[in-house]
Structures are given as C-alpha cells and as structure tokens.
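A structural walkthrough
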Amino acid sequence: GQNIDQPTEMTATEGAIVQINCTYQTSGFNGLFWYQQHAGEAPTFLSYNVLDGLEEKGRFSSFLSRSKGYSYLLLKELQMKDSASYLCAVRGAGGSYIPTFGRGTSLIVHP
Amino acid sequence: DVKVTQSSRYLVKRTGEKVFLECVQDMDHENMFWYRQDPGLGLRLIYFSYDVKMKEKGDIPEGYSVSREKKERFSLILESASTNQTSMYLCASLSVNTGELFFGEGSRLTVL
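Residues numbered from 1 in each chain as written. Chains lettered and ligands numbered in written order. Predicted model: local features only at pLDDT ≥ 70, side-chain atom pairs only at ≥ 80, totals over all residues. Heavy atoms only, no water.

**Observations concerning the overall build of chain B**
Going by this rule: By definition, any uninterrupted DSSP run of H or I lasting at least four residues is a helix, any uninterrupted run of E lasting at least two residues is a strand, and each is numbered from the N terminus. We take the radius of gyration over the C-alpha atoms and set the globule estimate at 2.2 Å times the residue count to the 0.38 power. Whether a residue is buried, partly exposed or exposed follows from its accessible area with a 1.4 Å probe, protein chains only, as a fraction of its type maximum: under 20%, in between, or over 50%, in that order.
Secondary structure assignment for chain B yields 0 helices and 12 strands. Relative to the compact-globule value of 13 Å for 112 residues, chain B shows a C-alpha radius of gyration of 13 Å, a close match. Its C-alpha atoms give chain B principal-axis dimensions of about 40 × 25 × 25 Å. Expressed as a percentage of the 112 residues in chain B, the buried residues total 50%.

**Remarks on the packing of aromatic side chains**
As a reminder, the rule being used: Any two of the Phe, Tyr and Trp rings considered here, Trp counted by its six-membered ring, make a pair once their centres fall within 6.5 Å; the pair's planes then place it as stacked at under 30 degrees, edge-to-face at over 60, or tilted in between. Only Lys NZ and Arg CZ are tested; either one counts as a charge over a ring when it is within 6 Å of the ring centre and within 35 degrees of the ring normal.
Tallied over the entire structure, the rule returns 15 aromatic pairs over all chains. Seen in terms of ring centroids, Tyr35(A) and Phe103(B) are 5.7 Å apart; in terms of plane orientation they differ by 90°. Their pairing is edge-to-face. One end of the pair, Tyr35(A), is in strand β4 (residues 32-37); the other, Phe103(B), is in strand β11 (residues 101-103), on a second chain. The two residues Tyr35(A) and Phe103(B) agree in class, both being buried. Members of the aromatic cluster, joined through ring pairs, are Phe33(A), Tyr35(A), Phe45(A), Tyr48(A), Phe101(A), Phe33(B), Tyr35(B), Phe48(B) and Phe103(B). Positioned over the ring face of Phe74(B) is Arg68(B), at 6.0 Å from the centre of the ring.

**Things to note about the interface of chain A and chain B**
So the rule is basically this: Whether two residues are in contact is decided by their heavy atoms: any pair within 4.5 Å suffices. By buried area we mean the combined loss of accessible area, with a 1.4 Å probe, across both parts when two parts are placed together. By salt bridge we mean one thing: a side-chain nitrogen of Lys or Arg within 4 Å of a carboxyl oxygen of Asp or Glu. Three classes are used: nonpolar for Ala, Val, Leu, Ile, Met, Phe, Trp, Tyr, Cys and Pro, charged for Asp, Glu, Lys and Arg, and polar for all others, with Gly counted as polar.
Listed as interface residues are 16 residues of chain A and, on the opposing side, 21 residues of chain B. Sorting the residues of chain A by area buried against chain B places Tyr97(A), Ile98(A) and Phe101(A) first, and these three jointly supply 33% of that buried surface. The interface formed by chain A and chain B contains 0 salt bridges. Considering each element in turn, the side of chain A that touches chain B owes the most residues, 3 residues, to β4(A). Here the residues of the side of chain A that touches chain B are counted per class, giving 11 nonpolar, 3 polar and 2 charged.

**Focus on the sheet that holds strand β1 (residues 3-5) of chain A**
Residue and element names in this part refer to chain A. Test applied: DSSP bridges decide pairing: two strands pair if at least two such bridges lie between them. The axes used here are C-alpha line fits, helices contributing only the stretch in contact, and every angle between their N-to-C directions lies in the interval 0 to 180 degrees.
Spatially, 5 strands are ordered β1-β3-β8-β7-β6 in an open sheet, and the strand pairing comes out antiparallel. Lying at the two open borders of the sheet, with one neighbouring strand each, are β1 and β6 (53-57). Across this sheet, the average inter-strand angle for adjacent strands is 15°, counted without regard to direction. In this structure, strand β3 (residues 18-25) lies alongside strand β8 (residues 70-75), joined through 6 bridges in antiparallel fashion. Counterpart to Thr-23 in the pairing with β8 is Tyr-70.

Structure representation (structure tokens):
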C-alpha cells in the first residue's frame, strides 16, 4: 500500500516564501507529482519529480529525496492568488500509472 | 487546448435514483480515472480504465460502476444513489509520456 502525509493547513504572508512538505511510504516509486487546486476548480499540474534534486519552475520549485521518502514544494514571492490546496501524489512501482494522492495542504496567503 | 470535459457541474438527485456522470477527453489518452473528493479525505480513486471496455476497481468502488465504450468517453454510474455519495466527482485522463493527469472541472453531486 501507499501512505502519503502532508500538513493539513498552512498560512503565510504575501511576498514571503513557504515550503510544503510531503512524506511518503510506498511499495516502489515511479515519480512524485504536485498539483494546485483552487476552491471549486479542478487540480492543475505543477511538477513531476522522478530523480533526486530540485526542479525550479518560475516561483515554484519542487524537491525530491527518494532515500528519505520526502518531497517539498517551495513557493517564492507569494501572491494572494497562491491561496489554494496543494496536492502531493505518488506513483508506485510495478508499471502502474496510477498516482495516489495525499489529503492536500490548504495554503492561506494573507496580506 | 487539451481538454477533459465533464457533462454536469452541479447535480441534485434523490436517494435511489440512477445517476450518470459523463467524461470526455480529446487527447487520445488510453488511461482514464474517476475520483471523488471530500473535505479532509482528499482524492480517492473509484475506478479507472486503461483501454476501451477495460475497467479496474480503485480504492472505493462500492456503489459505483463505469462504462468505457469509446476511447474518449468514460462514464461513472451510481446505480442507486445514496446520501453518502454526495461529493465532488473528478474525472481525469493520463498522459503516459509525461505522467501528468489532466482533470475535468468536476461534478458536484448532492443526493437528498
């Protein structure tokens, strides 16, 4: 089975940096995803990490350590529109394409 | 622009009614999924399909069935709706090349 943990809620100030952590225990590993979901909308893809290290994409970066079963999503220069839920999802081994989602982290950005 | 389209954004049904949720994708993806999303529980996989007429149970298939008669269309069926099936239902299709899931906008179902 797969177990994915991330904090339920985080708050941060506009302009600041926030790090959202995700830890996972899976039977095999085939990649980790981060999705953003605004209230009432569909999740949208942010990043996909397969190898260890940091991947940067504009204000958002995602880090992976496979040996530690750990990832984080880093959001810089926070904007009010970054208030959303952030979903961590892991794809297991065995050729399965199916990602399993964590419960999501609700990020509230305040002025 | 690639797209996953769900037929209804909002539905209200009565207990015992049969409910159809339709999903269509235009990306020629083989793999399609139905999730439900509930506060505090996240996204849970109901059923998925990796090819036409093929289906596999996800983590919470009870009370649901699916149909995949054409590659682009994946339908979720509630044979006899119950109040505990009140939820947001999300359809997704998967790009095997990139691993990315493309989601529809969701169907919010209320069962009275």
